[in-house]
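Each chain, letter by letter, is given below.
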Amino acid sequence: MRFEYAPAPESRSIVTLRDSYGLFIGGDFVAGSSVFKTISPATEEVLAEVTHAGPEDVDRAVAAARQAYERIWSVMPGRERGKYLFRIGRLIQERSRELAVLETMDNGKPIRESRDVDVPLAAAHFFYHAGWADKLSYAGFGPSPRPLGVVGQVIPWNFPLLMLAWKIAPALACGNTVVLKPAETTPLTALLFAEICRQADLPPGVVNIVTGDGATGQAVVAHPGIDKVAFTGSTSVGKEIARSCAVSGKRLTLELGGKAANVVFDDAPADQAVEGIVNGIFFNQGHVCCAGSRLLVQESIADELLGALKRRMGTLRLGDPMDKNTDVGAINSRAQLDKILELTASGETEGAQRWSAPCPLPDRGFWFPPTVFTGVSQANRIAREEIFGPVLSVLTFRTPAEAVEKANNTPYGLSAGVWTEKGSLILWMASRLRAGVVWANTFNRFDPASPFGGYKESGFGREGGRHGLEAYLDVLGGGDV
Ligand code: TAP
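Residues numbered from 1 in each chain as written. Predicted model: local features only at pLDDT ≥ 70, side-chain atom pairs only at ≥ 80, totals over all residues. Heavy atoms only, no water.

## Brief notes about the overall build of the protein
Convention followed: Here a strand is any run of E in DSSP of at least two residues, a helix any run of H or I of at least four, and the numbering for each starts at the N terminus. In this setup the radius of gyration rests on C-alpha atoms only. A globule is expected at 2.2 Å times the number of residues raised to 0.38. What makes two residues a contact is simply this: any of their non-hydrogen atoms within 4.5 Å. Each accessible area value is a Shrake-Rupley result obtained with a 1.4 Å probe; residue values ignore everything except the protein chains displayed when judging cover. Here the positive residues are Lys and Arg and the negative ones are Asp and Glu; neither His nor the chain ends is included. The atoms used to mark charge sites are NZ of Lys, CZ of Arg, CG of Asp and CD of Glu.
When you go through the protein residue by residue, the secondary structure sums to 15 helices and 20 strands. For the protein, whose C-alpha radius of gyration is 22 Å, the value lies close to the compact-globule estimate of 23 Å for 481 residues. Projecting the C-alpha coordinates of the protein onto the three principal axes gives extents of approximately 65 × 50 × 40 Å. Excluding contacts between residues fewer than 6 apart, the proportion of contacts in the protein whose partners are at least 24 apart in sequence is 75%. For the protein, the computed accessible surface area is about 18300 Å², with 52% contributed by carbon and sulfur atoms. For the protein, the centre of its 49 positive side-chain charges and the centre of its 53 negative side-chain charges are spaced 3 Å apart.

Put into structure tokens, the structure is as follows:
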């Protein structure tokens, strides 16, 4: 039986969009070299004009960050820095509805996700790191670990505010100042965050936000005044940045792509496993670095599980991201949709069978239905390359050893899932899977206290937890923080 829901649209009235946004440098919104437009991927309407930061703008931002670092932030006692972080966390909570609506408008993700996942987790990151700011001497990095200086941070479009929080909260807690570049297609919540920094009376220059495209990102990471680069994005751009940092001696952390295996054994609780598979790949339209995009299912239950999965996929509601009942929102951009279309076409060309949930797609905007491919071989592109969309590739296995071999047969290593009733099998699998995070009988769980990061081409360094602090501290140095 299929339930129909009446529309339950969230109101946009809480958000006041400006026609045009400047760059946030030295505590002020300032003009830059040129402008571009940011659109809603669900309707293609123009939301606002945003400033494109050129090299000279990046230069100004780095200078502002340097001044704030030397004169204020690096010499401020940790307990005082912690108060600012705490205040920012509170303001994110107070303005959570506004942030969630704006995120959904600019990114296309369902309001339910931005409201219940992105924004609360962003606030949690600030609260968590507020707690560390005055305790760094007890974090196991020596008695007085020092900050690194000015940090250049470049983030992607899939979790715009949350990725900002992952980057800015630990950097500030450790005494660094930042120049952050949000993704070209999703700059608006970063700019609202800039307003929050002003509301929190954060000293000017501690956080600087430069909007723009890849060239702006390149100008940030290549700037000689940057001491450390933190990048989240694709593996190809990450490799380019690694090459440029290698010759400059800058400290670097990379959070890159993934092609996670979600492994389901024959004794797994079927209904929970189906929910976990759906959450693993269709959450946030599959625009998730750690998405469970390869389902490895034990051969003996494959038909039964796939039947249940397709039934569940048939109940997913795709459409207006502002509707509180929507499960699957818009694809973030035309370019990303084209990439998904190209890779899924290759799946069929290479012999896999495609099945898509029977949901009508809106006429305007960028959309792709939840899709599953069966008959996939390990050599197929859809089993090897990150699609970054709502597309699941299904493979089967017979023994745990075969599951491990197939799960690890990827250049990536960000995450994995294991579904079984047996605790011993979970531990056996977890110790063999080459992935930064292994979820057991769940998927896509995040907590600021838990380190997150990759193996192999998924990057290096960790974000979150005590481990994440290390990336923002000169752990070999001495002195006071
Ligand atoms: P990218 O194309 O790599 O873009 C990421 C960011 O880098 C954007 O702000 C982008 O600007 C900028 N950029 C592009 N070229 C650059 C260059 N040459 N130098 C410096 N910066 C540059 O990735 P994406 O398509 O936005 O994001 C999707 C990727 O991010 C996926 O592979 C996903 O797995 C990964 N991701 C990883 C994680 C973690 S935690 N591992 C989390 C989220 C996403 P523009 O937007 O203007 O192009």
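## Some thoughts on the sheet that holds strand 1 (residues 20–21)
To keep it simple, the criterion reads: For two strands to pair, DSSP has to find at least two bridges joining them.
Reading across the sheet, the three strands line up as 1-5-4 and stay open at both edges, with mixed pairing between neighbours. Of all the strands in the sheet, just strand 1 and strand 4 (34–39) have a single pairing partner and so form its edges. Relative to strand 5 (residues 46–52), strand 4 runs antiparallel, the two sharing six bridges. Within strand 5, the residue paired with F36 across the bridge is V50.

## What about the pattern of salt bridges?
Note the following rule: Salt bridge, as used here, is a side-chain nitrogen of Lys or Arg placed within 4 Å of a carboxyl oxygen of Asp or Glu. Type-normalised accessible area, obtained with a 1.4 Å probe on protein chains alone, sets the label of each residue: buried when under 20%, exposed when over 50%, and partly exposed for intermediate values.
Applying the stated criterion across every chain yields a total of 24 salt bridges. Two residues, R18 and E195, come together in a salt bridge whose shortest N-O distance is 2.8 Å. On the criterion of sequence distance, the pair formed by R18 in the segment before strand 1 and E195 in helix 6 (residues 188–199) is long-range, its members being 177 residues apart. Note that K83 is salt-bridged to E80, the shortest N-O span being 3.2 Å. Taken together, the residues span about one helical turn, with K83 and E80 both in helix 2 (residues 78–94) at a distance of three residues. Using a relative accessible area of 44% as the deciding quantity, one classes K83 as partly exposed. Each of R18, R95, E98 and E195 takes part in one network of salt bridges that share partners.

## Quick notes on the packing of helix 9 (residues 270–282) against helix 10 (residues 302–313)
Quick note on the threshold: Axis angles are defined between N-to-C directions and span 0 to 180 degrees, where every axis is a line fitted to C-alpha atoms and, for a helix, only to the segment in contact. Angle categories: roughly parallel below 35 degrees, roughly antiparallel above 145, roughly perpendicular from 65 to 115, and oblique for all the rest. Definitions for this section: a left-handed crossing has its near helix turned counterclockwise from the far helix by less than a right angle. A right-handed crossing has that turn clockwise. Note on residue classes: Ala, Val, Leu, Ile, Met, Phe, Trp, Tyr, Cys and Pro are nonpolar, Asp, Glu, Lys and Arg are charged, and everything else, Gly too, is polar.
Where helix 9 meets helix 10, the closest approach of the two axes is 10 Å, and the angle between their N-to-C directions is 55 degrees. Of the possible angle classes, the one that applies to helix 9 and helix 10 is oblique. Crossing of helix 9 against helix 10: the hand is right-handed. Contact residues: A270, A273, V274, E275, I277, V278 and F282 in helix 9; L305, A308, L309, R312 and M313 in helix 10. Of the residues in the contact of helix 9 with helix 10, the class split is ten nonpolar, no polar and two charged.

## A closer look at the domain arrangement of the protein
Stated formally: Where each domain starts and ends follows an automatic or database-derived domain assignment. Put simply, buried area is the surface a 1.4 Å probe can reach on two separate parts but cannot reach once they are joined, added for both.
Entries for the protein in the domain assignment read domain 1 (20–256 + 456–472) and domain 2 (261–440). On a C-alpha basis, the centres of domain 1 and domain 2 stand 30 Å from each other. On the domain 2 side, the residues contacting the 30 residues of domain 1 number 33 residues. Summing both sides of the interface, domain 1 and domain 2 together bury roughly 2600 Å²; the carbon and sulfur share of this comes to 55%. Ranking the residues of domain 1 by area buried against domain 2 places E44, W157 and K456 at the top, with a combined share of 23%. Remark: the boundary between domain 1 and domain 2 carries one salt bridge.

## What to know about helix 1 (residues 55–73)
Definition in use: Arc definition: it is the arc formed by the directions from the helix axis to the C-beta atoms.
Of the residues making up helix 1, those classed as buried are D57, V58, A61, V62, A64, A65, A68, Y69 and W73. Down the axis of helix 1, the buried side of the element spans an arc of 160 degrees, and every buried residue falls inside it. Opposite its buried face, helix 1 presents the exposed residues P55 and R71, each directed more than 90 degrees away.

## Describing the site of the ligand
Rules: Nearness is judged by heavy atoms alone; a residue qualifies as near a molecule or strand once a single heavy atom is within 4 Å of it. In protein, a polar contact means a hydrogen-donor-capable atom and an acceptor-capable atom, both N or O and within 3.5 Å, with residues adjacent in sequence counting only if both atoms are side-chain atoms; elsewhere, any N or O pair within 3.5 Å suffices.
Close contacts around the ligand come from 31 residues, with I155, D213, S234, L256 and E386 the closest. At a separation of 3.1 Å, an oxygen atom of the ligand approaches a polar side-chain atom of K181. G233 has a polar backbone atom sitting 3.2 Å from an oxygen atom of the ligand. Burial of the ligand by the protein amounts to 88% of the accessible area it has alone, namely 910 Å². When grouped by side-chain class, the residues that make up the shell around the ligand number 16 nonpolar, nine polar and six charged. A domain split of the shell around the ligand shows at least three residues from each of domain 1 (20–256 + 456–472) and domain 2 (261–440).

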